Amino acid sequence: MTTRRLVLSRGAALVGAASTGLLLPQIARAQSNKIRVGFMLPYTGTYAQLGVAIENGVRMAIGERGGKLGGREIEWFKVDDESEPSKGVENANRLVQRDKVDVLIGTVHSGVQMGIQRVARESGVLSLIPNAGVHAATRALCAPNVFRTSFTNSQPTLALGKPMVDKGLKKAVWITWKYAAGDEAFEGFRDSYTKAGGTIVKELGLPFPNVEFQALLTEIASLRPDAVACFFAGGGAAKFIKDYAAAGLKDKIPLWGSGFLTEGVLDAAGPAAEGIMTTMHYADSLDIPKNRQFRLDYAKAFKSQPDVYAVQGYDTGVLLSQGMTAIKGDIANKQALYKALETQTIDSPRGKWTMSKSHNPVQDIYLRRVEKGDNKVIGVAAKALSDSGAGCKLAA
Ligand code: PHB
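Residues numbered from 1 in each chain as written. Predicted model: local features only at pLDDT ≥ 70, side-chain atom pairs only at ≥ 80, totals over all residues. Heavy atoms only, no water.

Some remarks on the overall build of the protein
For the record, the criterion: Comment: elements are numbered from the N terminus, with helices defined as DSSP H or I runs of at least four residues and strands as E runs of at least two. Based on C-alpha atoms, the radius of gyration is set beside the globule rule, defined as 2.2 Å times the residue count to the power 0.38. Under the scheme applied here, a residue whose accessible area is under 20% of the maximum for its type counts as buried, over 50% as exposed, and between as partly exposed, the area being computed with a 1.4 Å probe on protein chains only. We call two residues in contact whenever any of their non-hydrogen atoms come within 4.5 Å of each other.
Each helix and strand in the protein was counted, giving 14 helices and 14 strands. The C-alpha radius of gyration computed for the protein amounts to 23 Å, which stays within 12% of the reference 21 Å derived for 396 residues, consistent with globular compactness. Taking the principal axes of its C-alpha atoms as reference, the protein extends roughly 80 × 50 × 45 Å. Classification of the 396 residues of the protein by burial places 53% in the buried group. Partitioning the intrachain contacts of the protein with sequence separation of at least 6 by distance along the chain shows that 68% fall at a separation of at least 24.

Considering the domain arrangement of the protein
One frequently used descriptor of interface size is the decrease in accessible area upon assembly of the parts. The line we're drawing: Domain start and end points were adopted from an automatic or database domain assignment. A pairing counts as a salt bridge when a side-chain nitrogen of Lys or Arg comes within 4 Å of a carboxyl oxygen of Asp or Glu. Under the rule applied, a polar contact is a pair of N or O atoms within 3.5 Å (in protein, one hydrogen donor and one hydrogen acceptor; residues adjacent in sequence only if both atoms are side-chain atoms).
Per the domain assignment, the segments of the protein are domain 1 (33–151 + 288–362) and domain 2 (155–280). Once you take the C-alpha centre of each, domain 1 and domain 2 turn out to be 28 Å apart. Counting residues at the interface gives 19 residues for domain 1, matched by 18 residues for domain 2. Where domain 1 meets domain 2, there are zero salt bridges. Counting every contact that joins domain 1 to domain 2 gives seven residue pairs in polar contact (both at pLDDT 80 or more). Of all the secondary structure elements, the ones that give two or more residues to the side of domain 1 that touches domain 2 are α3 (48–64), α5 (110–123) and α13 (308–326). The dominant element in the side of domain 1 that touches domain 2, judged by the number of residues it contributes, is α13, at three residues.

Examining the confidence of the model for the protein
Detailed reading of the predicted coordinates is not advisable wherever pLDDT falls low. Quick reminder of the rule: pLDDT is a residue-level measure of predictor confidence that goes from 0 to 100.
In this model, the protein carries a mean pLDDT of 93, and residues with pLDDT of at least 70 account for 91%. Counting contacts from residues 1–31, a segment whose pLDDT is below 50, to residues more than four positions away or on other chains yields three contacts.

Structural notes on the layout of surface pockets
In this approach, a probe sized like a water molecule rolls over the atoms, and the result shows the empty space that is left. Defined as follows: Lining residues are defined by having an atom within 4 Å of a point belonging to a cavity or pocket. Those points lie on a 1 Å grid over the protein atoms alone, cavities being sets where a 1.4 Å probe fits but cannot get out and pockets being open sets with protein on both sides within 12 Å along at least five of seven lines. Grid points are joined across faces, edges and corners, and a volume is the space filled by probe spheres set on the points.
Estimated volume of the largest pocket: approximately 440 Å³. Around the largest pocket sit 22 residues that line it, and G264, D267, Q305, P306 and D307 are the ones nearest its centre. Considering each element in turn, the lining of the largest pocket owes the most residues, four residues, to α3. When residues of the lining of the largest pocket are sorted by domain, at least three fall in each of domain 1 (33–151 + 288–362) and domain 2 (155–280). Here the second largest pocket defines a volume of roughly 190 Å³.

Notes on helix α9 (residues 214–223)
This is how it is decided: By arc we mean the arc of the directions from the helix axis to the C-beta atoms, nothing more.
Turning to α9, its buried residues are L216, L217 and I220. The arc that holds every buried residue of α9, seen down its axis, measures 100°, which confines them to one face. In α9, the exposed positions angled more than 90 degrees off the buried face are occupied by A215, T218 and S222. Against the buried residues of α9 lie β6 (171–177), β7 (199–206), β8 (227–231) and α10 (234–246). Looking one or two places after α9, you find R224, whose phi comes out positive at around 45°.

Description of α3
To be explicit about the condition: Every helix has an expected span of 1.5 Å times one less than the residues it contains.
Taking 1.5 Å per residue, 17 residues should reach 24 Å; α3 reaches 25 Å between its end C-alpha atoms and fits that length. Most of α3 is tucked away: 12 of the 17 residues are buried. For α3, every residue scored as buried is listed here: A48, L50, G51, A53, I54, E55, N56, G57, V58, M60, A61 and I62. Residues of α3 that are buried sit in contact with β1 (35–41), β2 (74–80), β3 (103–105), α10, α12 (289–302) and α13. At the C-terminal side of α3, G66 shows a positive phi close to 95°.

Observations regarding the pattern of salt bridges
Summed over the entire model, instances satisfying the criterion amount to 20 salt bridges. Between K78 and E55 there is a salt bridge, and its shortest N-O distance comes to 3.0 Å. Residue K78 is located in strand β2, and its partner E55 is located in helix α3; the two are separated by 23 residues in the primary sequence. We classify E55 as buried; its relative accessible area is 7%. A salt bridge links R98 to D99; the nearest nitrogen and oxygen atoms lie 3.0 Å apart. Since its relative accessible area comes to 10%, D99 is described here as buried. Each of the salt bridges in this network shares a partner with another, and the network as a whole consists of E55, R59 and K78.

Focus: the site of the ligand
Quick reminder of the rule: When we say a residue is near a molecule or strand, we mean one of its heavy atoms is within 4 Å of it. Whether a molecule sits in a cavity or pocket is decided by its atoms, more than half of which must lie within 2 Å of the grid points. Residues are sorted three ways: Asp, Glu, Lys and Arg are charged, Ala, Val, Leu, Ile, Met, Phe, Trp, Tyr, Cys and Pro are nonpolar, and all the rest, Gly among them, are polar.
The local shell around the ligand holds 15 residues, among which V108, S110, G133, Y179 and Y309 are the closest. One of the side-chain N or O atoms of Y179 is found 2.6 Å from an oxygen atom in the ligand. At 2.7 Å from an oxygen atom of the ligand is found a side-chain nitrogen or oxygen belonging to Y309. Here the ligand is seated within the largest cavity. Its residues assigned to classes, the shell around the ligand shows 10 nonpolar, five polar and no charged. Domain assignment of the residues forming the shell around the ligand places at least three in each of domain 1 (33–151 + 288–362) and domain 2 (155–280).

Brief notes about empty space enclosed by the protein
Evaluation of the coordinates by the stated rule reveals one cavity of 30 Å³ or more. Of the volumes computed, that of the largest cavity is approximately 100 Å³. What lines the largest cavity is a set of 15 residues, among which V108, N131, F151, Y179 and F231 lie closest to the centre. The class makeup of the residues in the lining of the largest cavity is 11 nonpolar, four polar and no charged. Inspection of the lining of the largest cavity shows a minimum of three residues originating in each of domain 1 (33–151 + 288–362) and domain 2 (155–280).

Quick look at the structure:
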């Protein structure tokens, strides 16, 4: 009885508003005409800086293109995912169910991404991944509405093994945080290093985001490998680089890694980072007009130097903007939207790239060395490298 009365009175209020021409329906229309874009990124913890750089990059790309998407204004939403996998689904639903976003941009951490992936697959909301490299997102769990603008975790390290062996470094220790990003980066390293004739003498690990490296560094010193290869990122990477040097290993055992090791941390790491060799789909010193312009504009806008995360955010904004322009803002037309996103070429500060059939960048991987606080390009370590997309049905 109570429920029925409530329904009736609400209905009556709506009819009243419509018939008297009150503002309500107009406001509703104006709001629904906006594109709702949600950021789900880490704004606290060891990956906090990465989240900020990504958001900066997205806003910069869209700002350069007039601040609209397909002619429609944007309403922004934000959730701090804290790089906490156990809250991944709940946080993604804050954006998808509570805020009703049209597009979810996120995230950095592979474990959290698995939560987003579940929500994206269940809801069908457009999901753009500006960093997290977890293989499943564009392999077995790929989806028509999920697009990655960054990399798969094994993409950079698939180019790491050969240059190490070419330098005569034939016995290596691998060290990482033990979660999907580190474990899958290891897969790329293992495959490329052993194929080139190298031997992995030991795999070392610690839980994310633990930074108590001392015991492991002591073990490395006693193992005396030709080189160390690793995956670390963000605040933890800066500490690893400094601890490695402080343990006296820097000049004895060359440090190599998936390029995230030296992204966004060179100021914090200081001289301890000099000489580190990495492979990555971007380098500060990439001498192409797009990168030179991007670095100037970013530094001017944000009073800080861009890194690979800023580039990935930027490319996410470019992809979304170009896709929305192609479909004239009609985001409800999903088939046209996916087609548009699949067929874009992104003129990126990292060099031009395209989407693979499983929705992951096909891109060059550069060999870099830290010189005077910059990631200097040494050469191209892999040309137009594509992830296998293994198990992705879209790729058929
Ligand atoms: C990841 O968890 O996928 C991840 C995090 C930080 C990086 C790269 C990959 O720099």
